[in-house]
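Below, each chain spelled out in residue letters.
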Amino acid sequence: MKKDLISVAYLTDKDIFDIFSLTDKLKKNKTKYSKVLAGKTLALIFQKPSNRTRVSFEVGMHQLGGDSVYLSSQEINLGVRESIEDVAKTLSRYVDGIVLRTFAHQNVVELAKYATVPVINGLSDFSHPCQALADVYTVKEKLKKLKGITLAYVGDGNNVCNSLLYACAKAGLNMNVASPKGYEPDGGVFEGAKVLAAKSKAKINLFKNPLEAVKGADVIYTDVWTSMGQEKEAAKRKKVFKDYQINKHLLSFAKKNVLVMHCLPAHRGEEITDEVMDSKNSVVFDQAENRMHVQKAVLIKLLGEKK
Ligand code: CP
Ligand code: NVA
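Residues numbered from 1 in each chain as written. Chains lettered and ligands numbered in written order. Predicted model: local features only at pLDDT ≥ 70, side-chain atom pairs only at ≥ 80, totals over all residues. Heavy atoms only, no water.

Draft legend 1. Structural context of the site of ligand 1. In the neighbourhood of ligand 1, the contacting residues comprise S50, N51, R52, T53, R101, H128, Q131, C263, L264 and R291. Contact between ligand 1 and T53: an oxygen atom at 2.7 Å from a side-chain N or O atom of the residue. Separating an oxygen atom of ligand 1 from a side-chain N or O atom of H128 is a distance of 2.9 Å. Surface burial for ligand 1 is 96%, taken as the share of its 250 Å² of free accessible area covered by protein chains. According to the grid-proximity analysis, the pocket containing ligand 1 is the largest pocket. When the residues that make up the shell around ligand 1 are grouped by side-chain class, the tally is two nonpolar, five polar and three charged. (Near = heavy atom within 4 Å. Polar contact = N/O pair within 3.5 Å; in protein donor to acceptor, adjacent residues only side chain to side chain. Areas by Shrake-Rupley, 256 points an atom, 1.4 Å probe, with all protein chains shown as cover. 1 Å grid on protein atoms, 1.4 Å probe; cavity = no way out; pocket = protein on both sides within 12 Å on 5 of 7 lines; lining within 4 Å. Sits in = over half its atoms within 2 Å of the grid points. Nonpolar A, V, L, I, M, F, W, Y, C, P; charged D, E, K, R; others polar.)

Draft legend 2. Structural view of the site of ligand 2. Around ligand 2, the structure places L123, N158, N159, V160, D223, V224, S227, M228 and L264. N158 has a polar side-chain atom sitting 3.3 Å from a nitrogen atom of ligand 2. In the environment of ligand 2, an oxygen atom lies 2.8 Å from a nitrogen or oxygen atom belonging to the backbone of M228. Calculation on ligand 2 without its partners gives an accessible area of 270 Å², and the protein chains cover 95% of this total.

Draft legend 3. Expanded view of the pairing of strand 1 (residues 41-46). With six of its six residues buried, strand 1 lies for the most part within the structure. With burial as the criterion, each face of strand 1 is covered, one bearing T41, A43 and I45 and the other bearing L42, L44 and F46. Both strand 1 and strand 2 (residues 67-72) contribute to a ladder of six bridges, which runs parallel. Counterpart to A43 in the pairing with strand 2 is V69. Viewed along the sheet, the connection from strand 1 through helix 2 (residues 52-63) into strand 2 turns out right-handed. (Buried < 20%, exposed > 50% of the residue type's maximum accessible area, 1.4 Å probe, protein only. Helix = DSSP H or I, 4+ residues; strand = E, 2+ residues; numbered from the N terminus. Pairing = 2+ DSSP bridges. Right-handed = clockwise from strand over helix to strand, strands pointing away.)

Purely geometric numbers; function is a separate question.
Structural data, given as C-alpha cells:
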C-alpha cells in the first residue's frame, strides 16, 4: 500500500481486500492486536467537527496499544498560523501518522507531500475514503458478497458519494446514483469510476429519478443535503432535494430486505425519515461501528508495517 490514504482512487483492489481481511481478523480477535502499535502516536488535525471519525480513530489507536493527539483549529490553524509544509515537517518529528479533516482536498495532498509519516484523509470537501471503505466492508459483511450487489446512492453527489463511486467500482459493486440536476457527483470521478467498473465488471449509472435508481437495489445509501461548510445554502438545498428523501414510499420501490445506510450525522426528517432510520432495514450504527474496525486495519497497514 502507498504511504498515505488520500483517496480510494490510489488504492488497488488488492489493497482494499487486504484491508477487509485484516478487519475481519481484528473483529474476531481484539486481544491479539492490542500491542501492534505500542509506542506509536497518531495526530488528528480537525478543521471541522466530528463524532465518528475522531472517536473511532482515537479509540482504535488506543485498542492497538498506541496513542493519539487531537489538534483542533485552536491549536493548528493550518496555513494561517503556520504553513502546511511547516506543520507537516514539524509533526513528522513527533508522531507516526497524521489524520487530517479539512475543507480543500489540496490541503491533504500538500500535507502528505511534506510529511515523512503517513497521512490519512479524515474527510475533505472532495472525498471521505475511510467512510467508503467502511461502507463497502459493511455491505460485504451483511450480504456476504459484493459481486452482483447494487448500491443506490440517493442525494447529493458530494465527498461521500465520490469516495463510494471509487470504492464500489474497485470492489466490483454496482452503483446507481440519483441526484438532482447540478448536484451530480464530480464528473471526473464518475467517468473514472466507470472505467474502473468496466475492469471489475460492475455497473455505474446516473439517474435523475430516485425511484428508478432504487428499483432492484440491495442497498440504499444517503447523506445530508447540506454538508459541513455549505450551511449558507441549506434553505435552497432543502427545496432542491425534497424529492430525494429516503422514506417508506421510496423503500416500497426497492427490495423488501433492502439495507439502508447513511454515513451519519443524519438530519432526520430531511434526507431520511425517523421511520426508515429506525427500521429493521437500517444498518447505520453497524456501519458507524465498522469505521473503527476498518480504520484499525488501515492504521496497522500504514503505521505498523515496515515500508
Ligand atoms: N461519518 C462521519 O465521518 O462522521 P463524523 O463527521 O461524525 O466524523
Ligand atoms: N457530506 C458530509 C459527510 C459528513 C460525514 C459532510 O461533508 O458534511
